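Each chain, written out:
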Amino acid sequence: MQFFRRLTSINLLHFIYMSVVLSEALTIAMSYILHGRITADYLITAGVVSLGVSSVVIFLIRRLRDTEKALKESSIKFSSLFTMASDGFLLIDPSQEDKQTIVEANDALCAMHGYTREELIGRPLQMLVAGSASAHVSERTKRLLGGEKLTFEVDHLRKDGSIFSVEVSAKKLDIEGKTYIQSIERDITKRKEMEKKLHVISSDWESTFNTITDLITVHDVNFNVIMANRAAIETLKLPNLRINEVVKCFNHYHGTDCPPSGCPSCEVLKTGKASSCEVFEPHLGAYFEMRAIPRFDRDNRLSGLIHIARDIYEKKKTEETLRLYQEALQSVYRMATARVSIKAACDE
């Protein structure tokens with residue numbers, strides 16, 4: 001390798017000149033030895049051969065120079081990527097079964113863990129892994145050496161003792177005949193915190209959604225129920241929506257095999273406008289105040305509707321009681337008025 005590096009540093013014109021001179025000198029010597037004089041055919045042959053050999057060697061030297069330049073540029077790019085990457089890079093020597101040694105680390109990984117590069121090189125990988133998670137290092141190493149590519153989440157330990165979460169992508173890497181493990185690590189602490197917050201928000205929303213006594217269902221444009229609160233699930237006897245992809249709203253609201261004519265909710269899917277009405281639903285045996293609100297996607301295209309059904313049986317019962325009471329009062333009033341009229345007529 002050193003010979004080729006020296007060879008690529010030679011000035012090509014000097015090389016040609018030296019080749020021709022050396023070839024001619026050797027030819028003169030051979031001519032004297034064999035014939036006792038210098039012959040023209042020897043000189044011509046030597047010149048042609050030396051030029052031919054020189055051309056081949058020059059071609060090889062140029063190829064070597066181009067290859068060396070490409071390797072140098074590639075090395076610079078890799079070094080720049082390795083050093084300036086926002087993710088942490090680790091190169092690990094797994095040759096010792098009980099200890100995976102850190103042989104290289106970039107700036108991002110050092111900053112992530114609070115160490116300098118010098119403090120990490122030559123130290124065991126286990127020093128960066130928090131608590132019981134370090135027990136899985138050897139097992140994962142065996143899988144990586146077996147050819148697997150692994151992506152996993154694990155808790156890591158900073159120099160100050162604080163724990164944070166990282167996402168690791170690791171694989172086996174062969175460099176100049178030696179096996180290493182390349183590990184790319186990303187700090188996902190903020191993402192995990194956000195996931196916890198979203199879980200709390202989702203849990204609170206689901207709890208609120210399920211405490212509402214109105215029947216609330218969310219439909220797509222094909223009349224499939226894709227979400228429902230507890231009241232709707234129990235009243236409509238809906239199956240598990242996470243397992244069943246086809247749950248038609250008309251099957252459960254109306255007991256029919258197709259959308260019934262005049263269904264106000266179905267009209268929303270045609271008009272894209274909200275609607276509300278009061279209906280008696282024979283299939284459920286109850287009066288409902290129905291409201292249907294259209295849903296639109298990000299491109300403002302109709303994607304379904306939100307269906308809200310409120311049981312108004314008590315309201316209708318109260319209205320009916322008031323109606324009967326009002327009719328009774330009117331009847332009493334008419335009877336009283338008639339008696340007064342009769343009495344007045346008798347007095348006359």
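A. Seen up close, the packing of aromatic side chains. Per the stated rule, a full pass over the model turns up three aromatic pairs. Summarising the aromatic geometry, the rings of Trp-205 and Phe-209 are spaced 4.7 Å apart at their centres and angled 15° between planes, so their arrangement reads as stacked. Linking Trp-205 with Phe-209, this pair stays in helix H7 (residues 189-211), spanning four residues, or about one helical turn. Judged by relative accessible area, which is 9%, Phe-209 ranks as buried.

B. Geometry of the pairing of strand S3 (residues 150-157). Covered by surrounding structure in S3 are Leu-150, Phe-152, Val-154 and His-156 only, the residues Thr-151, Glu-153, Asp-155 and Leu-157 on the alternate face being uncovered. Bridge count for S3 against strand S4 (residues 163-175) is eight bridges, and the pairing is antiparallel. Within S4, the residue paired with Leu-150 across the bridge is Ala-170. Linking S3 back to S4 in an antiparallel pair, the connection comprises five residues, with Gly-161 at a positive phi of about 95°.

C. Structural context of the sheet that holds strand S10 (residues 302-311). Strand order in the open sheet formed by five strands is S7-S6-S10-S9-S8, and the pairing between neighbours is antiparallel. Of all the strands in the sheet, the pair left with one neighbour each is strand S7 (225-228) and strand S8 (275-281). The sheet shows a mean angle of 25° between the axes of neighbouring strands, taken without regard to direction. When S8 meets strand S9 (residues 286-296), the two strands line up antiparallel, connected through seven bridges. Across the sheet, residue Phe-280 finds its bridge partner in S9, namely Tyr-287. Running at roughly 155° to S10, helix H10 (residues 264-271) makes contact with strand S6 (215-220), S8, S9 and S10 of the sheet.

D. Just helix H6 (residues 137-145), in detail. Those residues of H6 that sit buried are Val-137, Arg-140, Thr-141 and Leu-144. Seen along its axis, H6 keeps its buried residues to an arc of 105°; they face one direction. In this structure, the buried residues of H6 make contact with strand S1 (88-96), strand S2 (99-105), S3, S4 and strand S5 (178-187). Immediately beyond the C-terminal end of H6, within one or two residues, lies Gly-147, with a positive phi of roughly 110°.

E. Region of the structure containing the pattern of salt bridges. Applying the stated criterion across every chain, the model contains 15 salt bridges. Linked by salt bridges that have partners in common, Glu-153, Glu-167, Arg-191, Lys-192 and Glu-195 make up one network.

F. Geometry of the nonpolar core. The biggest cluster of nonpolar side chains holds 24 residues, and the ones touching the most others in it are Leu-90, Leu-120, Leu-128 and Val-154. When contributions to this core are tallied by element, the ones reaching two or more residues are S1, S2, helix H4 (107-113), H6, S3 and S4. Ignoring sequence-local partners within four residues, the contact set of Leu-128 consists of Leu-90, Ile-102, Leu-109, His-113, Tyr-115, Leu-120, His-156 and Leu-157. Grouped together as the second largest cluster of nonpolar side chains are 15 residues, Ala-228, Leu-236, Leu-238 and Phe-288 included.

G. Looking closely at the sheet that holds S2. Spatially, S2-S1-S5-S4-S3 is the arrangement adopted by the five strands of the open sheet, whose pairing is antiparallel. Two strands lie at the open edges of the sheet, namely S2 and S3, each paired on one side alone. When strand polarity is set aside, the average angle formed by the axes of neighbouring strands in this sheet is 35°. Looking at chain direction, S4 and S5 are connected through 10 bridges and run antiparallel.

H. Broad picture of unusual backbone geometry. You will see that Phe-223, though not glycine, has its phi angle at about 70°, which is positive. By relative accessible area, which is 23% here, Phe-223 ends up partly exposed. Positive phi outside glycine occurs at Asn-300, with the angle close to 65°. Mapped onto the elements, Asn-300 comes out in the loop between S9 and S10.

I. Geometry of the pairing of S10. For S6 and S10, the ladder comprises six bridges, and the chain directions are antiparallel. Opposite Thr-217, over in S10, you have His-307 as the bridge partner. Following S9, the chain reverses through five residues before pairing antiparallel with S10; Asn-300 in that reversal takes a positive phi of roughly 65°.

J. Spatial organisation of the environment of Ser-165. In this fold, Ser-165 is placed in strand S4. The exposure class assigned to Ser-165 is buried, which follows from its relative accessible area of 16%. Residues Ser-165 and Asp-155, spaced 10 residues apart in sequence, show a C-alpha to C-alpha distance of 4.5 Å. Aside from chain neighbours lying at most four places away, what touches Ser-165 is Val-154, Asp-155, Arg-186, Asp-187, Ile-188, Thr-189 and Lys-192. There is a polar contact of 3.2 Å between the side chain of Ser-165 and the side chain of Asp-155.

K. Inspection of a nonpolar patch on the surface at higher detail. Taken together, the side chains of Met-194, Leu-198 and Ile-201 present a nonpolar region at the surface, about 310 Å² in accessible area. The residue Leu-198 is located in helix H7 in this model.

L. Highlighting the confidence of the model for the chain. Averaged over every residue, the pLDDT of the chain is 79; residues scoring 70 or more account for 72%. Mean pLDDT values for the elements of the chain range from 45 in helix H1 (residues 2-8) up to 94 in S6.

What counts as what
Residues numbered from 1 in each chain as written. Predicted model: local features only at pLDDT ≥ 70, side-chain atom pairs only at ≥ 80, totals over all residues. Heavy atoms only, no water. Phe/Tyr/Trp six-rings, centres within 6.5 Å; stacked < 30°, edge-to-face > 60°. Helix = DSSP H or I, 4+ residues; strand = E, 2+ residues; numbered from the N terminus. Buried < 20%, exposed > 50% of the residue type's maximum accessible area, 1.4 Å probe, protein only. Pairing = 2+ DSSP bridges. Axes fitted to C-alpha atoms, helices over the stretch in contact; angles between N-to-C directions. Contact = heavy atoms within 4.5 Å. Arc of directions from axis to C-beta. Salt bridge = Lys/Arg side-chain N within 4 Å of Asp/Glu carboxyl O. Core = buried A, V, L, I, M, F, W, Y, C linked by side-chain atoms within 4.5 Å. Polar contact = N/O pair within 3.5 Å; in protein donor to acceptor, adjacent residues only side chain to side chain. Patch = residues over 30% accessible without salt bridge, like charges linked within 9 Å, V, L, I, M, F, W, Y side chains within 5 Å. Areas by Shrake-Rupley, 256 points an atom, 1.4 Å probe, with all protein chains shown as cover. pLDDT = per-residue confidence, 0-100.

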